[in-house]
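Residues per chain, in single letters:
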Amino acid sequence: VWFGSTKAGFFDNADVQLISTAAGQLAGAVEQVFLRTQTDEGLRTRLDRLVSVARISRELNNTLDIKHLIQLVHNEALHTTGAGCGSVIFFDLSYSADLTPVVQHWHGDLHEPSLSEAEVRAVESAAAVRIDNYFNCDESPPHAGILSALIVPILYQHRVAGLIILHGAAEA
C-alpha cells in the first residue's frame with residue numbers, strides 16, 4: 001500500500017500505525033479469499049470424483065455389458081484425473097498366472113497386443129505403477145506427446161483382470 005503527500009513531514013507515527021493495521025487486515029482478507037477459493041476448488045474436485053464413482057457404481061449394478069463398462073470407466077478416469085489420454089484393457093481371464101495375459105477388450109488409445117514393461121510390472125505386482133517422466137526411465141512413451149503415465153491394475157478374485165492406463169503430457 002502506497003500513500004504520498006506533497007508536503008514534507010506530512011505523516012506521523014499515528015498514520016504509520018493506522019496504515020500498517022489496515023494493510024495487515026487487507027492481507028488477512030486476501031488470505032481468506034485465497035483459502036476459500038482453494039477450499040471451493042478442493043471440494044469441487046472431491047465432489048467430481050464422488051459423482052464419477054457413483055456413476056460407475058450405478059452402471060455396475062445396472063448393466064452386464066463389459067464394453068459399455070470399460071468405456072464408462074475410461075471416460076470417468078480421464079475426466080476425474082485430467083489425463084490427456086489413456087485406455088482401459090481387460091484380459092482374457094482364462095490366462096494362466098505364470099503367463100502374460102492376453103488383451104480381450106479395450107477402450108481408448110490403440111493398445112499393442114503385447115504389454116509394455118510398466119504394464120507387466122503392474123500385472124506382476126498387482127499394484128499401481130507411476131512413470132513420472134519417460135525421459136528419466138528406460139521405457140519409451142507409448143506414443144508422441146506423452147511424458148508421464150499411471151497404470152492401475154483392476155483386480156478380480158485376487159488376480160489382475162485388466163489395467164487402467166492414463167497418460168499425461170506433463171510430468172507427474
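Residues numbered from 1 in each chain as written. Predicted model: local features only at pLDDT ≥ 70, side-chain atom pairs only at ≥ 80, totals over all residues. Heavy atoms only, no water.

Draft legend 1. Spatial organisation of the sheet that holds strand E1 (residues 85–91). Pairing in this open sheet of five strands is antiparallel, and the strands run E2-E1-E5-E4-E3 from one edge to the other. One side of each edge strand has no neighbouring strand; the edge strands of this open sheet are strand E2 (103–108) and strand E3 (129–131). Averaged over neighbouring strand pairs, the angle between their axes works out to 15° when direction is ignored. On the sheet, helix H3 (residues 117–125) packs against E1, E3, strand E4 (148–156) and strand E5 (159–168) and is oriented at approximately 140° with respect to E5. (Pairing = 2+ DSSP bridges. Helix = DSSP H or I, 4+ residues; strand = E, 2+ residues; numbered from the N terminus. Axes fitted to C-alpha atoms, helices over the stretch in contact; angles between N-to-C directions. Contact = heavy atoms within 4.5 Å.)

Draft legend 2. Molecular detail of helix H2 (residues 66–81). With 16 residues, H2 extends 22 Å between its outermost C-alpha atoms, agreeing within 8% with the 22 Å of an ideal straight helix rising 1.5 Å per residue. Within H2, the full set of buried residues consists of Leu 69, Ile 70, Leu 72, His 74, Glu 76, Ala 77, Leu 78 and Thr 80. Measuring from the backbone nitrogen of Lys 67 back to the side-chain oxygen at the start of H2 gives 3.2 Å, which picks out Asp 65 as the cap. (Expected span 1.5 Å × (residues − 1). Buried < 20%, exposed > 50% of the residue type's maximum accessible area, 1.4 Å probe, protein only. Polar contact = N/O pair within 3.5 Å; in protein donor to acceptor, adjacent residues only side chain to side chain.)

Draft legend 3. Quick peek at the environment of Leu 99. Here Leu 99 shows up in the loop between E1 and E2. Sequence separation between Leu 99 and Gln 71 is 28 residues; the distance between their C-alpha atoms is 26 Å.

Draft legend 4. Local environment of the nonpolar core. Judged by nonpolar contacts, the single largest core of 17 residues is most densely connected at Ile 89, Phe 91, Val 123, Ile 151, Val 160 and Leu 163. At the level of elements, E1, H3, E3, E4 and E5 are the ones that each hand at least two residues to this core. Ranked by size, the runner-up nonpolar core spans eight residues in total, among them Ile 70, Leu 78, Ala 83 and Leu 166. (Core = buried A, V, L, I, M, F, W, Y, C linked by side-chain atoms within 4.5 Å.)

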